[in-house]
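# Secondary and tertiary structure notes
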Amino acid sequence: MNFIEIFNYVAKVARPAHVKVIAATSMEDKFGDLGLDSLDGILLMMFITEIYGISEKESKDWSPTSIQELYDLVMAIKTKEPASMEEVADVCR
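Keep in mind that this is a model prediction, so the values were computed, not measured.

How each quantity is defined
Residues numbered from 1 in each chain as written. Predicted model: local features only at pLDDT ≥ 70, side-chain atom pairs only at ≥ 80, totals over all residues. Heavy atoms only, no water. Helix = DSSP H or I, 4+ residues; strand = E, 2+ residues; numbered from the N terminus. Rg over C-alpha atoms; globule rule 2.2 N^0.38 Å. Buried < 20%, exposed > 50% of the residue type's maximum accessible area, 1.4 Å probe, protein only. Contact = heavy atoms within 4.5 Å. Lys, Arg positive; Asp, Glu negative; His and termini not counted. Charge placed at Lys NZ, Arg CZ, Asp CG, Glu CD. Expected span 1.5 Å × (residues − 1). Polar contact = N/O pair within 3.5 Å; in protein donor to acceptor, adjacent residues only side chain to side chain. Core = buried A, V, L, I, M, F, W, Y, C linked by side-chain atoms within 4.5 Å. Axes fitted to C-alpha atoms, helices over the stretch in contact; angles between N-to-C directions. Parallel < 35°, antiparallel > 145°, perpendicular 65-115°, else oblique. Left-handed = near helix turned anticlockwise from the far one by under 90°. Nonpolar A, V, L, I, M, F, W, Y, C, P; charged D, E, K, R; others polar.

Within the chain, the regular secondary structure consists of 5 helices and 0 strands. Going residue by residue from the N terminus, the α and β elements of the chain occur as α-α-α-α-α. The C-alpha atoms of the chain give 12 Å as radius of gyration, which agrees with the globular expectation for 93 residues (12 Å, within 12%). Taken along the three principal axes of its C-alpha coordinates, the chain extends 35 × 25 × 20 Å. Within the span of the chain, comprising 93 residues, buried residues form 38% of the whole. Sequence separation of at least 24 residues holds for 68% of the intrachain contacts in the chain that already meet a minimum separation of 6. Separation of charge centres in the chain, based on 9 positive and 16 negative side chains, amounts to 3 Å.

Turning next to helix α1 (residues 3-14). In this model α1 runs 16 Å from its N-terminal to its C-terminal C-alpha over 12 residues, within 8% of the 16 Å that 1.5 Å per residue would give. What α1 keeps buried is the set F3, I4, I6, F7, N8, V10, A11 and A14. Here the buried face of α1 lies against α2 (38-51), α4 (67-77) and α5 (85-91). Its side-chain oxygen at 2.8 Å from the backbone nitrogen of I4, N2 defines the N-terminal cap of α1.

Right, let's talk about the nonpolar core for a bit. If you look at the biggest cluster of nonpolar residues, it comprises 25 residues, and the most contacted ones within it are F7, V10, L44, I48, Y52, I67 and L70. Of all the secondary structure elements, the ones that give two or more residues to this core are α1, α2 and α4.

As a packed pair, α1 and α2 sit with axes 9 Å apart at the nearest point and diverge in direction by 135°. Taken together, the axis directions place α1 and α2 in an arrangement best described as oblique. Taken as a pair, α1 and α2 cross one another with a handedness that is right-handed. On the side of α1, the interface is formed by I6, F7, V10, A11, V13 and A14, while α2 contributes D40, L43, L44, F47, I48 and I51. Looking at the contact of α1 with α2 residue by residue, the class counts come to 11 nonpolar, no polar and 1 charged.

Note that all results are geometric; they support no functional claim without further evidence.
Quick look at the structure:
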């Protein structure tokens, strides 16, 4: 599955409904440039770690600033991979 597609879905869910969504188009995109604030980032990280089977203990010290940094951290220790966007959506409900 495409990590940017997953990231964009999760970021949309993590943001408040009234906030304009800025979709990522590149792995080099920075979270701040996409309009993600610190609370959005916390929710995004909770969903991403759940989707990829990463424990809170393993991810609590993470502080990625770009999609590529997040991807590298996730891929290094993930224990599962989502099979579909429906699975991603289920985690985000």
